[in-house]
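This is what each chain is made of:
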Amino acid sequence: MPETFPVATPIWCPGCGDFGVLAALKKALAELRIPPKDTIIVGGIGCSGHIHNDIQVYGYHSLHGRLLTTATAVKLANPRLTVIAAGGDGDGYAIGGNHFLHALRRNPSIVYLVMNNGTYGLTKGQPSPTAQIGFEGTKEIPFEPVLMALSLRSSTFVARGFSGNQTQLVRLIKEAIEHESQGKGFAFLDVLSPCVTYNDTYAEWRKAVVDLNADPDFDNTNRSKSFQHILETIVSGRIPTGLLYRGEGASFERNVLLPGSEPMALQDISPERNLESYKKLLQKFA
Amino acid sequence: MTTTLERETRPVQPKRVNEIRVMVGGQGGDGTLTVISLLARCLKLIGLHTYDARNVLSRIRGGHADGVLRGSVNRVLCSGDALDALVAFDEEAVEVGSPLLEADGVVIFDSSRGPLKKRLPPGVQVYQSKLSDLAGTQLKKTLLKNTISFAILSRALGLKQELVERVVRERYQRKGGEVLEGNMAALQIGFRLADEIGVAAHYSIPEGAENGSLQVVGDEAIGIGFIVGGGRFYAGYPITPASEVLDYLSVNLPKFGGAAIQAEDEISAINMAIGAAVAGVRSMTATSGPGQDLMTEGLGQAAEAEIPVVIVDVQRSGPSTGMPTKHEQSDLNHVVFAGHGDFPRLVIAPADVTDCFYLTIDALNLAEKYQLPVFILIDQALAQNSQSVPPFDLSKVRVERGKLLSQTELDSLPVYKRYEFSSDGISRRTVPGMSGGFSQITGNEHNEWGMVSVNTENREKMMRKRMLKVELAKTEMPRARFYGSQDAKIGFVSFGSNVGPILEAMDILAAKNLPTKFLLVRSLHPLHEDELAQFLDSVDTAFVVECNLSGQLAGLIRREVGFANKIFGINRFDGHSFRPHEIAQRVLEELGPKTGGNSRNA
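Residues numbered from 1 in each chain as written. Chains lettered and ligands numbered in written order. Predicted model: local features only at pLDDT ≥ 70, side-chain atom pairs only at ≥ 80, totals over all residues. Heavy atoms only, no water.

A.B. asks: Could you give an account of the nonpolar core, with specific residues and numbers?
C.D. replies: Nonpolar side chains in soluble globular proteins tend to end up buried together. Formed by 104 residues in total, the largest nonpolar core has its most connected members in A:Phe188 and B:Phe233. Sort the elements by how many residues they give to this core and helix α9 (residues 266-278) of chain B lands first, with eight residues. Counting 53 residues, the second-largest nonpolar core is a separate cluster that includes B:Val228, B:Phe357, B:Phe392 and B:Met477. (Core = buried A, V, L, I, M, F, W, Y, C linked by side-chain atoms within 4.5 Å. Buried < 20%, exposed > 50% of the residue type's maximum accessible area, 1.4 Å probe, protein only. Helix = DSSP H or I, 4+ residues; strand = E, 2+ residues; numbered from the N terminus.)

Spelled out as structure tokens, the structure:
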């Protein structure tokens, strides 16, 4: 086997929440025995978007905000791959907001990990769409990604973890990857991952997080009840975490691809192979 | 049935012609383009070559719309200068079409909203009748006026009734039932009406055997070329005049285990194409100017990360929303220069439908061999007007994937680096799923492994590595086509669909004893400076013909090749493509008595 790229040392500040996400992701992939050669991480732009450099798998560093459209097409091209899109909150909820909406609508079987810290760390601490009111003077009501994800009837997996809770995070990432690998659709996992330099919310979030899966009254298979429960939790000043919704629906690749066809990426495209069908294309115009 | 005759029909002798030119005009939704396509089919079946053009507004219904069909014993690449027959569903269509009518032309007019008001020259024969009313009362469907008019038109053109019936039957066979019956009944009404008002055969069109040609528009030819060239993934956002690529591939790609995705915007479309390419699929996107603007960041990404992707730009009138359905060639500067930073790209300019097919396959091969974005730049007229072309030769198709490694090749390597420096600037490529081929693919500046790097020495080497590919790809970029006599001192230089009107303008000028020659440029970036320099050196005056105001091709040539003092622009930017006589006229004005030449652009 050829020698390939040396895994990088993360660029993050000591104590950054993203270390917790990286550790949990590595553990989840190892425990599920996902073959690294069949795994691709599509990173966004920002501190978190460097995560693909830090694991020995295939990596693609997308344009700012465009990781979901790229990752969706990777999945369509070869559904046998485990496709993990990983980026930040500015990347996914601001510049990439439109693509987030449409990924939820299409339901491609990819994992989407958002390392959510409420700030743009790489550009030195501007507020992101999820910044708490008052951070850097922002008066805007924070964007609530899990509520948005739930509000699309096509969403099939909505979760939130906290990089300060490894046990829960590993479990959620594993469930997300299983959802993806079984072709069940878009596994969305927002991870609270504090920026210790510009928006250190560790202490605040540690107090506020609540694992809804520990609540026997919480039903994560009922979209409207789950929505209401989450909304009430947020309004009461706490942060809902856990697997917040799991539903069923046809995945994008199942809707789009011819059933049973060879993945596009593996097809023999030599002209001789399809000559007769190509002739039929021309006959249409004769 | 009420029939109003504007003037008496005169006995006519059918005129023997080698080509026939017909306009059908009315409001959008009148079915004008249906009549054009029925006639195109008839003419094809009797061995003629056809060219049809459409003139529509950016609305679903209403507003003036027309189609022009030219049938000829020779291959034609534009709608020409004049019309023999005009089918008009309203007064406006007569206003639009009549200035182009030959002195002995024929007009078929739907007088449902009153008799024709427009005064036409005495030689023009007008047949008018209340076609819509007739269709409404007899067939309960006013739209069938178009099929009625087609029957009358076929009489005036001297086409055999059985041919006309066959074509209409074949067209509606699949829909069957009421649609088929309604149209067949409309034809019979039309034939009876023609008898009643005494429609004569004004033309005698040579009848031969069906010539085996294909009738295809440029957008579709690109779609066919894409599939045949091994393309399996397409993403696009609906936009005039590129939507036909999306429509064609949406229907046909799934048959080959591929997919055509309608993206949420053009930013998504190009990134999807990039994603599929990263996974190892030949991929493409198509758009027009406004979408091209949004794709610009993806363009730089594909170039920096060395991802093969083909981008079709079907030019329309800009800037901004401009005139969405109208023709222009003003994206040239954009596709050649757009994007921040210096990066490699290729720009191919097909000039006819045949080019659209073969050069799309070339574009796919070049993109993958040189691992960069390749533009296919066409214009509205080429994209949407149908041409008769010889059947595409599938035996000529080659799929060349460059340095895409097989698993066996990869296994034999001691080290795999995605962006390894090499003598030709091209690095070996793996795709996810291969063992031992891990790579980091990134739009950040990177080292050979694909890891982010700001090392100064690496930066310079990587920039040069990427740019080197353009110089090497140049040897494979399509050469210009040359037309005319070598020793002519007057030259034309142009690109895209202007080839049709220029070739006919050359005939007009030749008839006035003015020999000309013509260099049709098909590689816009990089330019083949050698062929341009040789051509420009050999002429006294070079007319650079293009549909834009500022002379973008002329500017590019002046910048890259020189000869500024020999270059004169012939420009049109009113939303329409050139007509042959207009080009000839501009040349004569420029060369005639030295008036200072109002088309001077140098």
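A.B. asks: Which residues make up the sheet that holds strand β4 (residues 111-116) of chain A, and what values do they have?
C.D. replies: Pairing between the strands of a sheet is mediated by backbone hydrogen bonds and can be parallel or antiparallel. Pairing within the open sheet is mixed, and its nine strands lie in the order β9(A)-β10(A)-β7(A)-β8(A)-β4(A)-β3(A)-β1(A)-β2(A)-β17(B). At either end of the open sheet lies a strand with only one pairing partner, and these are β9 (209-211) of chain A together with β17 (440-442) of chain B. Going across the sheet, the axis of each strand differs from the next one's by a mean of 20 degrees, ignoring polarity. The sheet contact formed by strand β1 (residues 39-43) of chain A and strand β3 (residues 82-88) of chain A spans five bridges and is parallel. If you follow A:Thr39 over to β3(A), its bridge partner there is A:Thr82. The strands touched by helix α1 (residues 17-31) of chain A within the sheet are β1, β3, β4 and β8 (187-192) of chain A, with β4(A) carrying the most contacts at an inclination of about 155 degrees. (Pairing = 2+ DSSP bridges. Axes fitted to C-alpha atoms, helices over the stretch in contact; angles between N-to-C directions. Contact = heavy atoms within 4.5 Å.)

A.B. asks: Tell me about the domain arrangement of chain B, and please be specific about residues and values.
C.D. replies: Residues and elements named next belong to chain B. According to the domain assignment, chain B contains domain 1 (15-204), domain 2 (215-396), domain 3 (407-473) and domain 4 (481-595). Domain 1 and domain 2 are separated by 34 Å when their C-alpha centres are compared. Taken together, the 16 residues of domain 1 in the interface contact 16 residues of domain 2. Across the domain 1 to domain 2 interface the summed buried area is about 1,300 Å²; carbon plus sulfur atoms make up 37%. The largest contributions to the domain 1 side of the interface with domain 2 come from Tyr51, Arg54 and Arg75, which together make up 40% of the buried area. Between the two partners, domain 1 and domain 2, sit one salt bridge. Measuring nitrogen to oxygen at the nearest pair gives 3.8 Å for the salt bridge that ties Arg54 to Glu244. In this assembly, domain 1 and domain 2 are joined by 11 residue pairs in polar contact (both at pLDDT 80 or more). Broken down by secondary-structure element, the contributors of at least two residues to the side of domain 1 that touches domain 2 are α1 (32-45) and β3 (49-55). (Domains from an automatic or database assignment. Buried area = accessible area lost by both parts, 1.4 Å probe. Salt bridge = Lys/Arg side-chain N within 4 Å of Asp/Glu carboxyl O. Polar contact = N/O pair within 3.5 Å; in protein donor to acceptor, adjacent residues only side chain to side chain.)

A.B. asks: Please provide a residue-by-residue account of the packing of aromatic side chains, values included.
C.D. replies: Tallying each qualifying case throughout the model produces 18 aromatic pairs over all chains. Here the aromatic cluster, defined as three or more aromatic residues joined through ring pairs, consists of A:Tyr93, A:Phe100, A:Tyr112, A:Phe143, A:Phe186 and A:Phe188. Over the face of the ring belonging to B:Phe89 we find B:Lys145, whose NZ or CZ atom lies 5.1 Å from the ring centre. Lying over the aromatic face of B:Phe421, B:Lys461 brings its terminal NZ or CZ to 4.4 Å of the ring centre. (Phe/Tyr/Trp six-rings, centres within 6.5 Å; stacked < 30°, edge-to-face > 60°. Lys NZ or Arg CZ within 6 Å of the ring centre and 35° of its normal.)

A.B. asks: Any details on the layout of surface pockets? Residues and values, ideally.
C.D. replies: Of the voids in this model, the largest pocket is the one considered here, and its volume is about 1,400 Å³. Along its surface, the largest pocket is lined by 29 residues, and A:Lys284, A:Phe285, B:Ser37, B:Arg171 and B:Glu220 are the ones closest to its centre. Taken together, the elements giving at least two residues each to the lining of the largest pocket come down to α1, β3, α5 (161-172), β9 (214-217) and α8 (243-252) of chain B. At seven residues, α1(B) tops the list of elements feeding residues into the lining of the largest pocket. Residues belonging to the lining of the largest pocket are distributed by class as follows: 13 nonpolar, six polar and 10 charged. Domain assignment of the residues forming the lining of the largest pocket places at least three in each of domain 1 (15-204) and domain 2 (215-396) of chain B. (1 Å grid on protein atoms, 1.4 Å probe; cavity = no way out; pocket = protein on both sides within 12 Å on 5 of 7 lines; lining within 4 Å. Points joined across faces, edges and corners; volume = space filled by probe spheres on them. Nonpolar A, V, L, I, M, F, W, Y, C, P; charged D, E, K, R; others polar.)

A.B. asks: Account for the packing of helix α16 (residues 499-511) of chain B against helix α19 (residues 580-591) of chain B, with residues named and values stated.
C.D. replies: All names here are of chain B. Where α16 meets α19, the closest approach of the two axes is 8 Å, and the angle between their N-to-C directions is 55 degrees. Relative to α19, the element α16 is oriented oblique. Handedness of the crossing formed by α16 with α19: right-handed. For the pair α16 and α19, contact is made by Pro501, Ile502, Glu504, Ala505, Ile508 and Leu509 and by Pro580, His581, Ile583, Ala584, Val587 and Leu588, respectively. Residue composition of the contact of α16 with α19, grouped by class: 10 nonpolar, one polar and one charged. (Parallel < 35°, antiparallel > 145°, perpendicular 65-115°, else oblique. Left-handed = near helix turned anticlockwise from the far one by under 90°.)

A.B. asks: Can you explain the interface of chain A and chain B? Please cite residues and give values.
C.D. replies: At the interface, 55 residues of chain A touch 69 residues of chain B. Across the interface of chain A and chain B, roughly 5,400 Å² is buried in total on both sides, 66% from carbon and sulfur atoms. Per-residue buried area on chain A facing chain B is highest for A:Tyr58, A:Ile269 and A:Phe285; these three make up 15% of the total on that side. On inspection of chain A and its partner chain B, the count reaches two salt bridges. Its salt-bridge partner being A:Arg106, residue B:Glu264 comes within 2.7 Å of it at the nearest N-O pair. Remark: the boundary between chain A and chain B carries 25 residue pairs in polar contact (both at pLDDT 80 or more). Of all the secondary-structure elements, those providing two or more residues to the side of chain A that touches chain B are β2 (58-61), α2 (67-77), α4 (97-106), α9 (252-256) and α10 (275-283) of chain A.

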